[in-house]
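Listed here are the chains, written in short residue letters.
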Amino acid sequence: MRLAVLVNPRSGGGRGARVAPGVVGMLREAGHDVVELRGSSVAEAAALLTREVTRPAAGGVPVDAVVSVGGDGGIHVALGVLREHAPGVPLGILAAGSGNDLARSLDLPLRDPVTQTAHLLASLSRPARMLDLGRVRPLGPDGAVDETREPLWFLNVASAGVDAAVNARANAMRRPRGKSRYLLGLAAELVRFRGYAVRVVADGADLGDCGTIVAVGNSRSIGGGMLIAPAANLSDGLLDVVVARTVGRALLASVFPRVYSGSHVTHPIVRVVRARTVDVLPDPDVLGRAPAPRLHADGEELCELPARVDLLPRAIPVLA
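Residues numbered from 1 in each chain as written. Predicted model: local features only at pLDDT ≥ 70, side-chain atom pairs only at ≥ 80, totals over all residues. Heavy atoms only, no water.

Caption draft 1: Focus on empty space enclosed by the protein. Within this structure, the stated rule accounts for 1 cavity of 30 Å³ or more. Put simply, the largest cavity is a space of about 50 Å³. As for the largest cavity, its lining consists of Ile93, Leu94, Ala95, Ala103, Leu108, Pro109, Gln116 and His119. Counting residues per element, the lining of the largest cavity draws most heavily on strand β4 (residues 91–95), at 3 residues. When its residues are assigned to classes, the lining of the largest cavity shows 6 nonpolar, 2 polar and no charged. (1 Å grid on protein atoms, 1.4 Å probe; cavity = no way out; pocket = protein on both sides within 12 Å on 5 of 7 lines; lining within 4 Å. Points joined across faces, edges and corners; volume = space filled by probe spheres on them. Helix = DSSP H or I, 4+ residues; strand = E, 2+ residues; numbered from the N terminus. Nonpolar A, V, L, I, M, F, W, Y, C, P; charged D, E, K, R; others polar.)

See the structure below:
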């Protein structure tokens, strides 16, 4: 097989760059034709991968699979390229990032690159697993989808509450590494937390006060293992919408850590519904709250609100 290996050299504090040579070597020893792609930025990585998967149009050799070596951000880049240019090409995942939430949800091995690569090699000999693909589309002033803007894609969780604000803070930190960044981000966010002016409409039903947590889950976790949507299923055609009403700092500080076990969904302030289409909207009629954070997904900032989130069922083949 011809494999395009997309390496994020900055993922996991440089872990992606450290493990990539061994991964590429094992794949080549197994008889695969491997091209390694390293981008110093999101734009460069996307351009390199786009050029590789579109080579057949210019008479080049087609790619049989794309392998992301890095974290959820690298997977996010690969998703966008594959969806636009090569939707039938399967995606392989070798987790080497800080969060690795998609790998966790797929029960993939995480820490040992030899075991991870062996698992990937075994997956290449089996049919790919078809996963639902999350889609985000900005809305215009009239509440309709803005057709002038390209859709944005995700596999994990789209968020626009304190979960998104913590994600944004964690992304801005260079130290520490790993999920402790998210705990520090939460502590920093708590200092000035007063809730967010955000509304959620799931399959036409307004979910009311959602000023604390807004998570629209295709899969289960964010932030390196926070089970924000613990019952989400990557291939059931439904989004798990997890919201929490506005609360004070003290209650938020006691409830939010429960996302590591998923037990927050049983707390009275939290509501969980399943839906096919979810609109996440700013709520200008609410006074005294902060503006809603920008929508995040797969650890990346996607767009400002308002936005519509839905799924393309079983739309992306993944080697898992």
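Next, the rest of the story.
Caption draft 2: Just the domain arrangement of the protein chain, in detail. On domain assignment, one finds that the protein chain holds domain 1 (2–126) and domain 2 (133–319). For domain 1 and domain 2, the distance between their C-alpha centroids amounts to 26 Å. With 27 residues of domain 1 in contact, the opposing surface of domain 2 contributes 28 residues. Interface area for domain 1 against domain 2, summed over the two sides, is near 2,300 Å², with a carbon-plus-sulfur share of 61%. When the buried surface of domain 1 facing domain 2 is broken down by residue, His76, Leu79 and Arg83 rank first, second and third, together holding 26% of it. Across the domain 1-domain 2 interface, the total number found is 1 salt bridge. Aspartate 107 is paired through a salt bridge with arginine 220; the nearest N and O atoms lie 3.8 Å apart. The set of elements that each furnish at least two residues to the side of domain 1 that touches domain 2 consists of α3 (72–85), β4, α4 (101–105) and α5 (113–124). A total of 7 residues in the side of domain 1 that touches domain 2 trace back to one element, the largest contributor, which is α3. (Domains from an automatic or database assignment. Contact = heavy atoms within 4.5 Å. Buried area = accessible area lost by both parts, 1.4 Å probe. Salt bridge = Lys/Arg side-chain N within 4 Å of Asp/Glu carboxyl O.)

Caption draft 3: Fine view of the layout of surface pockets. Estimates place the volume of the second largest pocket at around 340 Å³. Residue lining of the second largest pocket: 13 residues in total, with Gly80, Val81, Glu84, Pro151 and Trp153 positioned closest to the centre. Mapped by element, the contributors of at least two residues to the lining of the second largest pocket are α2 (42–53), α3 and β6 (152–154). Taken together, the residues of the lining of the second largest pocket break down into 7 nonpolar, 4 polar and 2 charged. Taken domain by domain, the lining of the second largest pocket gets at least three of its residues from each of domain 1 (2–126) and domain 2 (133–319).

Caption draft 4: Looking closely at the packing of helix α1 (residues 15–29) against α5. Contact pair α1 / α5: the axes reach a minimum separation of 10 Å and the direction vectors enclose 45°. When the interaxial angle is binned, α1 and α5 end up oblique. For the crossing formed where α1 meets α5, the hand is right-handed. On α5, the residues touching Arg15, Val19, Val23, Met26 and Leu27 of α1 are Pro113, Val114, Gln116, Thr117, Ala118, Leu120 and Leu121. Its residues assigned to classes, the contact of α1 with α5 comprises 9 nonpolar, 2 polar and 1 charged. (Axes fitted to C-alpha atoms, helices over the stretch in contact; angles between N-to-C directions. Parallel < 35°, antiparallel > 145°, perpendicular 65-115°, else oblique. Left-handed = near helix turned anticlockwise from the far one by under 90°.)

Caption draft 5: Structural view of the packing of aromatic side chains. On inspection of all chains with the given rule, the structure shows 1 aromatic pair. For the ring pair phenylalanine 193 and tyrosine 196, a centre distance of 5.7 Å and an interplane angle of 70° mean the geometry is edge-to-face. Note on accessibility: phenylalanine 193 and tyrosine 196 belong to one class, buried. Positioned over the ring face of tryptophan 153 is arginine 83, at 5.2 Å from the centre of the ring. (Phe/Tyr/Trp six-rings, centres within 6.5 Å; stacked < 30°, edge-to-face > 60°. Buried < 20%, exposed > 50% of the residue type's maximum accessible area, 1.4 Å probe, protein only. Lys NZ or Arg CZ within 6 Å of the ring centre and 35° of its normal.)

Caption draft 6: Examining the nonpolar core more closely. Residues Val162, Val278, Val280, Leu295 and Val309 are the most contacted members of the largest nonpolar core, which totals 51 residues. Per-element tally for this core: the top contributor is strand β11 (residues 239–244), with 5 residues. With near-sequence residues (within four places) excluded, valine 309 lies in contact with Arg135, Val136, Phe154, Val216, Leu239, Arg276, Thr277, Val278, Val280 and Leu295. (Core = buried A, V, L, I, M, F, W, Y, C linked by side-chain atoms within 4.5 Å.)

Caption draft 7: A look at α5. In this model, α5 (12 residues) spans 16 Å end to end at C-alpha, consistent with the 16 Å of a helix rising 1.5 Å per residue. For α5, the secondary structure elements touched by its buried residues are β1 (2–7), α1, β3 (65–70), β4 and β17 (307–319). The N-cap of α5, judged by a side-chain oxygen 3.1 Å from the amide nitrogen of valine 114 a few residues on, is aspartate 112. (Expected span 1.5 Å × (residues − 1). Polar contact = N/O pair within 3.5 Å; in protein donor to acceptor, adjacent residues only side chain to side chain.)

Caption draft 8: Focus on the sheet that holds strand β10 (residues 213–217). The 6 strands lie next to each other as β12-β11-β10-β7-β15-β16, forming an open sheet whose pairing is antiparallel. In this open sheet, the two edge strands, each paired with only one partner strand, are β12 (270–275) and β16 (300–303). Neighbouring strand axes in the sheet, compared pairwise and without regard to direction, differ in orientation by 25° on average. Here 3 bridges tie strand β7 (residues 157–159) to β10, and the two strands are oriented antiparallel to one another. Its bridge partner being in β10, alanine 158 is matched across the sheet by valine 216. (Pairing = 2+ DSSP bridges.)

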